[in-house]
Structure formats: structure tokens, C-alpha cells
Amino acid sequence: MNWVSKLRKLNKENFICVGIDPIMNSISNLGIDLFGWCKLIIDSTAKDADAFKFQLAYFEENGVDGLEKLKKSIEYIKINYPEKIIIGDSKRSDIGSTARAYARSMYEYWGFDVSTINPYFGSDSIHPFAEMNGALVICKSSNESSNELQSLETKDSKFVYEKVLEIVKKCNKDNNLGIVVGATYPDELKKIRLNNLDIPILIPGLGFQGGDFKSTIQAGKGGLNILNSSRGICFPKESFESLLDYEKCVTEALLKFKKNIKEFD
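Notes on the structure follow. This is a predicted model, so every value here is computed, not measured.

1. Here we look at the overall build of the chain
Reasoning step 1: A tally of regular secondary structure across the chain gives 13 helices and eight strands.
Reasoning step 2: By the compact-globule yardstick of 18 Å for 265 residues, the chain fits well, its C-alpha radius of gyration being 18 Å.
Reasoning step 3: Accessible surface for the chain amounts to roughly 12,600 Å². Of this, 49% is attributable to carbon and sulfur atoms.
Reasoning step 4: Charged side chains in the chain number 35 positive and 36 negative. The centres of these two groups are separated by 5 Å.

2. As for the pairing of strand 8 (residues 225-229)
Reasoning step 1: Counting buried residues in strand 8 gives five out of five residues, a clear majority hidden from the surface.
Reasoning step 2: Of the two faces of strand 8, the one lined by Asn225, Leu227 and Ser229 and the one lined by Ile226 and Asn228 are each fully buried.
Reasoning step 3: Pairing of strand 1 (residues 14-20) with strand 8 involves five bridges; the strand directions are parallel. Within strand 8, the position partnered with isoleucine 16 by the bridge is leucine 227.
Reasoning step 4: Bridging between strand 7 (residues 201-203) and strand 8 involves three bridges; their strand directions are parallel.

3. Observations regarding unusual backbone geometry
Reasoning step 1: One non-glycine residue with positive phi stands out, namely asparagine 11, at about 55°.
Reasoning step 2: Summarising the element assignment, asparagine 11 is placed in the loop between helix 1 (3-9) and strand 1.
Reasoning step 3: Positioned with a positive phi, serine 157 is a non-glycine residue whose angle comes to about 65°.
Reasoning step 4: The class of serine 157 is exposed, set by a relative accessible area of 55%.

4. A few points about the nonpolar core
Reasoning step 1: Judged by nonpolar contacts, the single largest core of 80 residues is most densely connected at Trp37, Phe54 and Phe112.
Reasoning step 2: Examining the composition of this core, we find that seven residues originate from one element, helix 3 (residues 34-45), more than from any other.
Reasoning step 3: Apart from the residues within four sequence positions on either side, phenylalanine 112 is in contact with Phe54, Leu56, Leu70, Ile74, Ile86, Ile87, Gly88, Met106, Tyr107 and Asn133.

5. Some points on the pairing of strand 6 (residues 177-181)
Reasoning step 1: Burial within strand 6 is extensive, with five of its five residues counted as buried.
Reasoning step 2: The alternating pattern of strand 6 places Leu177, Ile179 and Val181 on one face and Gly178 and Val180 on the opposite face, and all of these are buried.
Reasoning step 3: As paired strands, strand 5 (residues 135-140) and strand 6 are joined by five bridges and run parallel to one another. Among the inter-strand pairings, isoleucine 138 is bridged to a residue of strand 6, identified as valine 180.
Reasoning step 4: Direction of pairing for strand 6 relative to strand 7: parallel, over a ladder of two bridges. Bridging across to strand 7, valine 180 finds its partner in leucine 202.
Reasoning step 5: Handedness of the crossover joining strand 6 and strand 7 through helix 10 (residues 186-194): right-handed.

6. Quick look at the packing of aromatic side chains
Reasoning step 1: Counted by the stated rule, this structure contains 10 aromatic pairs.
Reasoning step 2: With a centroid separation of 6.4 Å and 50° between ring planes, the pair formed by phenylalanine 54 and phenylalanine 112 is classed as tilted. Placement of phenylalanine 54 in strand 2 (residues 51-55) and of phenylalanine 112 in the loop between helix 6 (96-109) and strand 4 (114-117) is noted, with a sequence separation of 58 residues between them.
Reasoning step 3: Residue classification places phenylalanine 54 among the buried residues on the basis of a relative accessible area of 0%.
Reasoning step 4: A relative accessible area of 1% means that phenylalanine 112 is categorised as buried.

Conventions and cut-offs
- Residues numbered from 1 in each chain as written.
- Predicted model: local features only at pLDDT ≥ 70, side-chain atom pairs only at ≥ 80, totals over all residues.
- Heavy atoms only, no water.
- Helix = DSSP H or I, 4+ residues; strand = E, 2+ residues; numbered from the N terminus.
- Rg over C-alpha atoms; globule rule 2.2 N^0.38 Å.
- Areas by Shrake-Rupley, 256 points an atom, 1.4 Å probe, with all protein chains shown as cover.
- Lys, Arg positive; Asp, Glu negative; His and termini not counted.
- Charge placed at Lys NZ, Arg CZ, Asp CG, Glu CD.
- Buried < 20%, exposed > 50% of the residue type's maximum accessible area, 1.4 Å probe, protein only.
- Pairing = 2+ DSSP bridges.
- Core = buried A, V, L, I, M, F, W, Y, C linked by side-chain atoms within 4.5 Å.
- Contact = heavy atoms within 4.5 Å.
- Right-handed = clockwise from strand over helix to strand, strands pointing away.
- Phe/Tyr/Trp six-rings, centres within 6.5 Å; stacked < 30°, edge-to-face > 60°.

Here you go:
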């Protein structure tokens with residue numbers, strides 16, 4: 001069962017994804033190590049979360065120790081919450097044997113269900129991932145400067161992000177590809193979803209980055225939407241009275257996120 005089948009089995013339209021972005025300055029104030037923090041986030045949110053998305057950059061900046069804690073956290077989910085979808089947010093990309101090595105790393109070593117990838121190299125960068133578990137391909141990212149490239153108009157009067165979607169659909173022979181579209185671009189999301197009801201979309205940018213719940217959920221109606229919140233759940237405020245207070249705030253932040261989704265579901 002690939003990650004898309006795993007999603008469909010849950011039989012709903014909007015899925016909750018907790019983004020695990022370990023910001024060490026904030027974590028050190030809690031008096032726990034990186035794995036202890038990951039475990040706390042996972043256990044505090046697993047009841048209501050459908051997926052966990054690990055941002056590899058935050059683990060990599062902590063060197064070998066950070067990578068060891070990442071591996072341990074992935075294994076913890078697989079053992080304790082095997083039904084959850086584990087996303088590796090690496091945005092890795094290359095061609096040929098290098099792309100295959102990246103795919104093997106994400107799936108055979110790390111054990112992610114699916115990885116985010118950058119399509120800048122074209123279909124050559126997608127095929128190695130599609131031949132394994134699949135991928136979530138960056139289509140229209142949530143950052144403001146994404147317009148500098150992704151919203152450029154091509155010679156056939158389509159935007160670059162639309163051409164990316166065309167490439168993804170051509171590569172999606174095993175129905176294991178999805179795309180990433182930021183909540184900060186609801187018009188583009190609506191345009192994409194309108195004629196692409198079958199493709200799963202990972203939607204970051206809700207809450208902390210300014211994405212609006214109502215416009216995002218209405219724009220994505222009819223398809224499989226993985227709605228992600230990272231800092232909004234993991235660091236809901238600047239300081240906490242105790243570790244117990246922190247855990248309570250994380251759980252409450254997730255429940256608020258879930259409530260906001262349900263309001264417009």
C-alpha cells in the first residue's frame with residue numbers, strides 16, 4: 001500500500017499534518033533533548049493527526065546527533081503509530097543516478113512514506129522517486145518570492161507552476177505522486193484543484209505563514225488535501241511555565257487547528 005492508498009483508506013477529504021520543525025533555541029528552554037521533544041510532539045498530537053512531516057534541514061543543522069534523533073523519531077512513529085503517514089520534507093532534486101540515490105536514501109534508509117522534491121530538473125528528477133514510493137512535488141510554494149519563478153508565463157500562455165503539474169501528471173503512472181501548493185495562494189490552489197480532483201495536495205502555510213482557513217479549504221474542495229501546520233502547533237507561544245504546560249499548549253494548538261478546518265470542511 002503506497003502513501004496515496006494509505007490516505008484514501010482514511011476516507012476523508014482534509015487530513016491533518018503536524019510539521020516537526022525542531023527550532024533548537026526554543027527546545028533548549030524546555031529542558032529536553034531533540035528526541036525527547038520529537039516524542040512529546042508525536043505523542044501529544046497522534047490522536048488527531050493523520051501525518052507527520054519532518055523538515056530535514058532542522059535536523060541536519062545539528063549534525064550527526066540530529067540525524068540520529070531523526071532516525072529514532074521515524075522508527076518511534078512506525079512502531080507506535082504505524083497508521084500515520086510520515087513525510088520527509090527535504091525538497092531533494094537531481095538527475096540520473098544521483099536522483100536515484102536521493103530516492104533510496106529517503107525511502108530505503110530513512111523509511112519515509114513519501115518525500116517532497118523540487119522539479120527544477122524536469123521529469124528526470126521525478127522518475128526515480130515515482131519508481132519507488134512516489135513524491136510530493138513542489139508546484140506553488142507558500143513563500144512570497146515563489147512568484148519570481150513559479151508564476152512566470154510560458155510561451156503557451158501557462159504559468160510555470162501549471163507546467164510543473166503537467167509534468168507530474170505525465171510521470172504519475174503508479175498513482176503515487178502529489179504536489180505541494182501553499183495556503184497563501186488560494187486562487188492558484190482553486191485553479192489547480194478544479195480539474196485535478198484525484199491528485200493529493202500538501203498544503204503548508206496555514207496559520208503562522210498567513211494562510212486563511214476558509215479560502216484554502218474551499219479552494220481545495222473535492223480532493224485529498226494534507227493540511228499542514230508546523231510552528232503554529234509546535235511553538236504556539238513564546239514561553240511556557242513548565243514542560244507540562246508546553247505539552248498542554250501543543251495539544252490545544254492542534255485541536256484549534258482541527259476546529260478551524262472542521263468549520264469550513
